[in-house]
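# Examining the three-dimensional arrangement
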Amino acid sequence: SQTIHQWPATLVQPVGSPLSLECTVEGTSNPNLYWYRQAAGRGLQLLFYSVGIGQISSEVPQNLSASRPQDRQFILSSKKLLLSDSGFYLCAWSVLAGGSSYNEQFFGPGTRLTVL
Amino acid sequence: GDSVTQMEGPVTLSEEAFLTINCTYTATGYPSLFWYVQYPGEGLQLLLKATKADDKGSNKGFEATYRKETTSFHLEKGSVQVSDSAVYFCALSEGGSYIPTFGRGTSLIVHP
């Protein structure tokens with residue numbers, strides 16, 4: 001069966017410090033990978049998605065970046081955190097067959113980031 | 001572009017009450033529709049889904065019917081429990097698109 005891991009679970013960082021959040025998926029090959037942010041208030045904001053190794057699409061301009069060094073590994077980074085980067089970060093994966101609309105997503109447990 | 005509109009929350013109910021959370025959508029094609037649930041401090045998990053018009057998705061006592069004529073996918077449960085307290089997200093996915101569209105979420109609070 002497939003599983004998705006995120007770490008760390010919680011993180012408290014000072015403004016201006018770097019960030020690295022990691023997500024790995026097990027039990028599937030060539031997944032589509034996603035990073036979402038959920039600020040206080042619930043809504044999901046798609047930050048990045050990737051349909052293959054080295055292929056990253058950015059949805060929202062910000063001081064964050066993403067990388068996919070391996071098929072089932074997705075990393076979210078920042079060189080200098082801002083207060084506004086605080087939130088709940090969710091990684092997700094899906095497998096979308098060509099032309100299919102059945103893009104069910106599977107989410108990780110999330111990372112709670114607090115920037116002080 | 002595609003959009004999903006959910007009723008504003010929070011929805012507050014007593015245990016064993018009937019639940020309806022409204023969801024309507026706008027899409028250019030024939031999307032698949034989903035309801036996800038997020039319990040406090042956790043990630044989202046799929047609750048139910050429907051892939052074509054008139055399909056009914058169901059799971060854990062929750063149901064939703066894909067209504068193409070009204071572009072709706074309302075979530076219902078006949079008798080809610082305290083453990084159903086969570087945030088519920090309606091979502092759609094268009095054919096060939098890698099990016100699903102999520103609603104803003106509706107918080108459900110169930111009191112004993």
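What you are looking at is a predicted structure, and each value in this text was computed from that prediction instead of being measured. (Residues numbered from 1 in each chain as written. Chains lettered and ligands numbered in written order. Predicted model: local features only at pLDDT ≥ 70, side-chain atom pairs only at ≥ 80, totals over all residues. Heavy atoms only, no water.)

Quick look at the state of the cysteines now. Chemically, a disulfide is nothing more than a covalent bond linking the sulfur atoms of two cysteines. Residue and element names in this part refer to chain A. Scanning the entire structure with this criterion turns up 2 disulfides over all chains. A sulfur-sulfur distance of 2.0 Å marks the disulfide that ties C23 to C91. Judged by the sign of its S-S torsion, about -75°, the bond between C23 and C91 is left-handed. On the criterion of sequence distance, the pair formed by C23 in strand β3 (residues 19-26) and C91 in strand β9 (residues 87-94) is long-range, its members being 68 residues apart. (Disulfide = S-S within 2.5 Å. Helix = DSSP H or I, 4+ residues; strand = E, 2+ residues; numbered from the N terminus.)

The pLDDT averaged across chain A works out to 90; a share of 93% of its residues lies at or above 70. Mean pLDDT across the secondary structure elements of chain A bottoms out at strand β6 (residues 55-58) of chain A, with 90, and peaks at strand β2 (residues 10-13) of chain A, with 97. (pLDDT = per-residue confidence, 0-100.)

Attention now goes to the interface of chain B and chain A. The interface of chain B with chain A comprises 28 residues on the first partner and 24 residues on the second. Summed over both sides, the interface of chain B with chain A buries roughly 2,000 Å², with 59% coming from carbon and sulfur. Taken as a group, L44, Y98 and I99 of chain B account for 28% of the area that chain B buries against chain A, more than any other trio of residues on that side. Ionic pairing is found between E104 of chain A and K49 of chain B, a salt bridge with its closest N-O pair at 3.3 Å. At the boundary of chain B and chain A, one finds 4 residue pairs in polar contact (both at pLDDT 80 or more). When residues in the side of chain B that touches chain A are grouped by element, the largest group, 4 residues, is from strand β5 (residues 32-38) of chain B. Class assignment of the residues belonging to the side of chain B that touches chain A gives a composition of 12 nonpolar, 12 polar and 4 charged. (Contact = heavy atoms within 4.5 Å. Buried area = accessible area lost by both parts, 1.4 Å probe. Salt bridge = Lys/Arg side-chain N within 4 Å of Asp/Glu carboxyl O. Polar contact = N/O pair within 3.5 Å; in protein donor to acceptor, adjacent residues only side chain to side chain. Nonpolar A, V, L, I, M, F, W, Y, C, P; charged D, E, K, R; others polar.)

Two side chains with opposite charge may pair up if their charged atoms get near one another. The tally for this structure, following the rule as stated, stands at 6 salt bridges over all chains. For the salt bridge of D85 of chain A with R37 of chain A, the shortest nitrogen-to-oxygen distance reads 3.6 Å. In this pair, D85 of chain A sits in the loop between β8 (73-78) and β9 while R37 of chain A sits in strand β4 (residues 32-38), placing the two residues 48 residues apart along the sequence. On the basis of relative accessibility, which here comes to 2%, the residue D85 of chain A falls in the buried class. Here R37 of chain A falls in the buried class, since its relative accessible area comes to 11%. E63 of chain B serves as the salt-bridge partner of K56 of chain B, at 3.7 Å between the closest nitrogen and oxygen. K56 of chain B sits in the exposed class, given a relative accessible area of 53%. Relative accessible area serves as the criterion here: at 34%, E63 of chain B is assigned to the partly exposed category. (Buried < 20%, exposed > 50% of the residue type's maximum accessible area, 1.4 Å probe, protein only.)

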